[in-house]
Amino acid sequence: MCGIVAYVGERTAYPILIKGLQRLEYRGYDSAGIALINNETKVYKCKGKVRDLENHSKGQDINGSIGMGHTRWATHGEPSDINAHPHVSMNGKFTVIHNGIIENYAHLKKELINRNYTFQSETDTEVLANFIESIYLDKKVDAEMAVRLALTKVIGAYGLVISCSDEKEKIIAARKGSPLVIGVGDNEYFLASDATPIVEYTDKVIYMNDEDVAIITRQSLDLKNIQNDQLTPIIQKVELNIEEIDKGDFEHFMLKEIYEQPNSISDTFRGRISIDKTNLFLGGIADVMPKIVSARRIIIIACGTSWHAGLVGEYLFEEYARIPVEVEYASEFRYRNPVINEDDVLIAISQSGETADTLAAIKMAKESGATILGICNVAGSSIPRETDAGVYTHAGIEIGVASTKAFTSQVTVLTMMALLLGKKRNTISDEMYYRLIDGLTEIPKKINDILSTEEDIKEIAKTYQNATNALYLGRGNLFPVALEGALKLKEISYIHAEGYPAAEMKHGPIALIDENMPVFVIATKDKSYEKIVSNIQEVKAREGKVIAIVTKGDEVIKKLADHVIEVPDTHEALAPLLTIVPLQVISYHIAVMRGCNVDQPRNLAKSVTVE
Ligand code: G6P
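Here is a short report on the structure shown in this document. (Residues numbered from 1 in each chain as written. Predicted model: local features only at pLDDT ≥ 70, side-chain atom pairs only at ≥ 80, totals over all residues. Heavy atoms only, no water.)

Considerations on the overall build of the chain
Next, step 1: Along its length, the chain carries 19 helices and 24 strands.
Next, step 2: Over its C-alpha atoms the chain spans a radius of gyration of 25 Å, differing by no more than 12% from the 25 Å that the globule rule assigns to 611 residues.
Next, step 3: Considered along the principal axes of its C-alpha atoms, the chain spans approximately 80 × 55 × 45 Å.
Next, step 4: Across the 611 residues that make up the chain, the buried fraction comes to 62%.
Next, step 5: For the chain, restricting intrachain contacts to residue pairs at least 6 apart in sequence, the fraction spanning at least 24 positions comes to 71%. (Helix = DSSP H or I, 4+ residues; strand = E, 2+ residues; numbered from the N terminus. Rg over C-alpha atoms; globule rule 2.2 N^0.38 Å. Buried < 20%, exposed > 50% of the residue type's maximum accessible area, 1.4 Å probe, protein only. Contact = heavy atoms within 4.5 Å.)

This is how it looks when you write it as structure tokens:
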């Protein structure tokens, strides 16, 4: 949510900020703005995308080698020119960009209004800018101290970049709950919400921790906490290729990422499967393996697509490791009073590693003494740093807001974990263990086969591009695939879509079925095949249109369904990894045909760092 970029150095800041904002636009894209700090501070901001900001700042003074930029996902106040960041305090002393939510902003605002402060915008950020300024002017302290004092009074989450007009050679950054990464160059520093705007300039980064404050000039970086204790910055090398953050020959990041899945899945299992395919190694959880093996229960917490991956994990862990599993929305889990025991293992799944609710749920669960694991994609993000151990998905950076390759990599990790646990707990036969490991290594090739039918899938998309509703049905471990397929469609095409366990259809959704209703049925050969064939018949009896995802060569469903999309045969435990792919492709094409902005769907953001 919201992208932040800043630069302090010798180069002209403007192009670095604009390019950085374009790289970060997937985090939020309802308005954008920059501040260039020169003799005076120039602020340019407007509603819309980064390209609107570029037009808006054309012909203006864009000089300066210190600056900050922001791309917004609105929380307080509608997307508008005024509500866009940066925000400048009433007397012009402080310029602020912010990611997060200041929860006590209303209280602070009231106090400031009583002291004759006036406000231009509806944002919590402007309140913070004025609050810092009021401390600065009242207490006659320097900017850094004013910021630290203000932050001790602030409740909420923030990633902040701040400049003071009396101390133009420095910028101050602070983090609590919303990520900030510092890039370290030669006599120059970069700041960003994640490393994507930084990697083309330097691979040396410092991940800021909660309550860190960084004071940055061209020559120096001073890292403290809000209590003013000095901290030692830990410089790490970031592993991110510049090619990964370009679309290449693809029209959209989403399509590129769909096509990357054969590679991203291979990258997820590479080095973790023995050459003879008889064993698995998950180095990141090796130290805590005894605790996982003896776990009484696994609790999986996640949001969005990652939650769907968690549901697939539930089937795998229960089937092969025989451990009871609960899968929870992080946002629900953290606000009730869940029973968590010391011998539970909690697995947080998150592509970004920054989702606020998932992070907060981890922090809450820590008190229980349970072992906490992470399955994350972004190295160095907050969740891997908060967990006891974990497994990176190594899917590579995912930029399309609708998650695709992250999902299949998460399911790959969960599959490996479940098999490894089953092996260690003696709940899986050797034969099945070897068979599924081997089956997993075949998945990338099979996804390539599915992708080679893209044109046929596109034809089906044409037929349903004007649908207003869609139903997705699946059973067992294909029910989460139905949920994920429905989520893909609604996220990017704005068609209302629901995923349902196929048998539950009779308890409600069947009432919606008529000749206009596309019903996607995930019906590959498995133990509930006969049942799902009956479900297809039930839909057809009500004139619904059936698009069935079937195992290659299925002649039975071909006769019943309006359309079939074939996927190669695999063991049923691995079927989610294949069956989701055509659903991603069809959602993509329907959205493109409807003229939707696939990579930046309305109202959504890639990384949800507010609660
Ligand atoms: C947002 C994204 C989804 C993602 C969800 C959870 O809603 O748009 O694609 O699945 O957040 O994000 P996480 O990074 O925790 O997996």
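Focus on the pairing of strand β18 (residues 371–376)
Next, step 1: In terms of burial, β18 is a largely internal element, 6 of the 6 residues being buried.
Next, step 2: Going residue by residue along β18, you find Thr371, Leu373 and Ile375 tucked away on one face and Ile372, Gly374 and Cys376 tucked away on the opposite face as well.
Next, step 3: Here 6 bridges tie strand β17 (residues 344–350) to β18, and the two strands are oriented parallel to one another. By the bridge assignment for β18, isoleucine 347 is matched with leucine 373.
Next, step 4: Crossover connection from β17 via helix α11 (residues 356–366) to parallel β18: handedness right-handed. (Pairing = 2+ DSSP bridges. Right-handed = clockwise from strand over helix to strand, strands pointing away.)

Focus: the environment of glycine 100
Next, step 1: Locating glycine 100 in the fold gives a position in the loop between β6 (94–99) and α3 (105–114).
Next, step 2: Residues glycine 100 and cysteine 2, 98 residues apart in the sequence, show an inter-C-alpha distance of 8.0 Å.
Next, step 3: For glycine 100, the contacting residues outside a window of four places in its chain are Thr75, Asp124, Ala157, Ser178 and Val610.

A word on the site of the ligand
Next, step 1: Near the ligand lie 13 residues; those nearest to it are Ser306, Ser350, Gln351, Ser352 and Thr355.
Next, step 2: Within the backbone of threonine 305, an N or O atom sits 3.0 Å from an oxygen atom of the ligand.
Next, step 3: Contact distances for the ligand include 2.6 Å between an oxygen atom and a side-chain N or O atom of serine 350.
Next, step 4: When the ligand is considered free in solution it has 390 Å² of accessible area, and contact with the protein chains removes 91% of it.
Next, step 5: Classifying every residue of the shell around the ligand by side-chain character gives 4 nonpolar, 8 polar and 1 charged. (Near = heavy atom within 4 Å. Polar contact = N/O pair within 3.5 Å; in protein donor to acceptor, adjacent residues only side chain to side chain. Areas by Shrake-Rupley, 256 points an atom, 1.4 Å probe, with all protein chains shown as cover. Nonpolar A, V, L, I, M, F, W, Y, C, P; charged D, E, K, R; others polar.)

A few points about the pairing of strand β23 (residues 545–551)
Next, step 1: Within β23, 6 of the 7 residues are buried, which leaves it mostly tucked inside the rest of the structure.
Next, step 2: When strand β22 (residues 518–522) meets β23, the two strands line up parallel, connected through 5 bridges. In the sheet register, isoleucine 522 faces β23, and the bridge partner there is isoleucine 549.
Next, step 3: Regarding the hand of the β-α-β motif, the stretch spanning β22, helix α17 (residues 529–541) and β23 is right-handed.
Next, step 4: Examined bridge by bridge, β23 and strand β24 (residues 563–567) share 5 bridges and lie parallel to one another. Looking at the pairing, valine 550 lines up with glutamate 566 of β24.
Next, step 5: After leaving β23, the chain enters helix α18 (residues 555–560) and then returns to the sheet as β24, a path that is right-handed.

Observations regarding the pattern of salt bridges
Next, step 1: If you walk through the whole model with that rule in mind, you get 37 salt bridges.
Next, step 2: Between glutamate 167 and lysine 170 there is a salt bridge, with its nearest N and O atoms 2.9 Å apart.
Next, step 3: The network of salt bridges with common partners includes Lys19, Arg23, Glu200 and Asp246. (Salt bridge = Lys/Arg side-chain N within 4 Å of Asp/Glu carboxyl O.)

A closer look at unusual backbone geometry
Next, step 1: For the bond from histidine 85 to proline 86, the omega torsion is 0°, close enough to zero to count as cis.
Next, step 2: The topology assignment puts proline 86 in the loop between β4 (66–72) and β5 (87–88).
Next, step 3: Located in the positive-phi region is histidine 394, a residue other than glycine, with phi close to 55°.
Next, step 4: Assessed through its relative accessible area of 41%, histidine 394 is described here as partly exposed.
Next, step 5: Phi is positive for asparagine 603, close to 70°, though the residue is something other than glycine.
Next, step 6: A relative accessible area of 62% places asparagine 603 in the exposed class.

Quick look at the sheet that holds β5
Next, step 1: Ordered in space as β5-β6-β7-β8-β12-β13, the 6 strands form an open sheet in which the pairing is antiparallel. Every interior strand has two partners, whereas the edge strands, β5 and β13 (221–225), have only one.
Next, step 2: Pairing of strand β8 (residues 171–176) with strand β12 (residues 212–216) involves 5 bridges; the strand directions are antiparallel. Counterpart to isoleucine 171 in the pairing with β12 is isoleucine 216.
Next, step 3: Sheet contacts for helix α4 (residues 124–139): β5, β6 and β7 (158–164); angle to β6, the most-contacted strand, approximately 140°. (Axes fitted to C-alpha atoms, helices over the stretch in contact; angles between N-to-C directions.)

Regarding the sheet that holds strand β15 (residues 297–302)
Next, step 1: Ordered by their spatial adjacency, 5 strands build an open sheet running β16-β15-β17-β18-β19, and the pairing between neighbours is parallel. With partners counted over all chains shown, the strands left at the sheet margins are β16 (325–329) and β19 (389–392), one partner each. Across the sheet, the axes of successive neighbouring strands diverge by a mean angle of 20°, strand direction being ignored.
Next, step 2: Most of the contacts of helix α9 (residues 304–321) go to β16, to which it runs at about 175°, and overall it touches β15, β16 and β17.

Observations regarding the side chain of threonine 441
Next, step 1: Looking at where threonine 441 falls in the secondary structure, it is placed in helix α14 (residues 430–451).
Next, step 2: By relative accessible area, threonine 441 is classed as buried at 19%.
Next, step 3: Separated by 3.3 Å, the side chains of threonine 441 and lysine 277 make a polar contact.
Next, step 4: Here aspartate 438 takes part through its backbone oxygen, which lies 2.6 Å from a polar atom of the side chain of threonine 441.
Next, step 5: Sequence-distant contacts of threonine 441, defined by excluding residues within four places in its chain, comprise Phe269, Ile273 and Lys277.

Quick notes on the packing of α9 against helix α16 (residues 479–493)
Next, step 1: The N-to-C vectors of α9 and α16 enclose an angle of 165°; their axes lie 9 Å apart at closest approach. Relative to α16, the element α9 lies roughly antiparallel. α16 is crossed by α9, and the crossing has left-handed handedness. Contacts between α9 and α16 involve Gly304, Thr305, Trp307, His308, Leu311, Val312 and Tyr315 on the former and, on the latter, Pro480, Leu483, Glu484, Leu487 and Lys488. (Parallel < 35°, antiparallel > 145°, perpendicular 65-115°, else oblique. Left-handed = near helix turned anticlockwise from the far one by under 90°.)

Quick notes on the environment of glutamate 491
Next, step 1: Position of glutamate 491 among the secondary structure elements: in helix α16.
Next, step 2: Residue class for glutamate 491 comes out buried when judged on its relative accessible area of 14%.
Next, step 3: In this structure, the C-alpha to C-alpha distance between glutamate 491 and glycine 59, residues 432 residues apart in sequence, is 37 Å.
Next, step 4: In this view, glutamate 491 contacts Val401, Ala402, Pro601 and Leu604; residues no more than four positions away in its chain are not counted.
Next, step 5: A distance of 3.3 Å separates polar atoms of two side chains, one belonging to glutamate 491 and the other to lysine 488.

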